Amino acid sequence: RNDKVSVFEVDGSRSKQWCQNLCYLAKMFLDHKTLWYDTDSFFFYVICECDEQGYHVVGYFSKEKESEEDYNLACILTLPQHQRKGYGKFI
């Protein structure tokens, strides 16, 4: 947590439904997003803004728990209303 921005790590196998819904949301903005049902092998890092009303998702990235190719990112998304605020560089 840093000032008004927080990052949460979410395990795709422990919070399966939540992570699937996050992937469905990303699919609305990313044409190439193909995987949304098999979240068990991924960690999701959700970036949120915090204000007096609570936490608000601004974007996320996901990575495989164990990648044979040593890839470290599977998907990255900044929601359109939060683009051009520096979150892409932060992520």
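My aim in this report is to walk through the structure given alongside it, one point at a time. (Residues numbered from 1 in each chain as written. Predicted model: local features only at pLDDT ≥ 70, side-chain atom pairs only at ≥ 80, totals over all residues. Heavy atoms only, no water.)

### Overview of the pairing of strand E3 (residues 54-64)
(1) Moving on: The pairing of strand E2 (residues 42-51) with E3 spans 10 bridges and is antiparallel. When the sheet's bridge partners are listed, Ile-47 is paired in E3 with Gly-59.
(2) Moving on: What sits between E2 and E3 in their antiparallel hairpin is a turn of 2 residues.
(3) Moving on: Pairing of E3 with strand E4 (residues 75-78), which is carried by 4 bridges, proceeds in the antiparallel orientation. By the bridge assignment, Tyr-60 is partnered in E4 with Leu-77. (Pairing = 2+ DSSP bridges. Helix = DSSP H or I, 4+ residues; strand = E, 2+ residues; numbered from the N terminus.)

### Topic: the sheet that holds E3
(1) Moving on: Pairing is antiparallel across the open sheet formed by 4 strands, whose spatial order is E1-E2-E3-E4. On the outer flanks of this sheet lie strand E1 (5-11) and E4, each paired with one strand and no other. Each strand of the sheet is rotated relative to its neighbour by a mean of 25°, with strand direction disregarded.
(2) Moving on: Across the sheet, helix H1 (residues 16-27) lies against E1, E2, E3 and E4, angled at about 75° from E2, the strand it touches most. (Axes fitted to C-alpha atoms, helices over the stretch in contact; angles between N-to-C directions. Contact = heavy atoms within 4.5 Å.)

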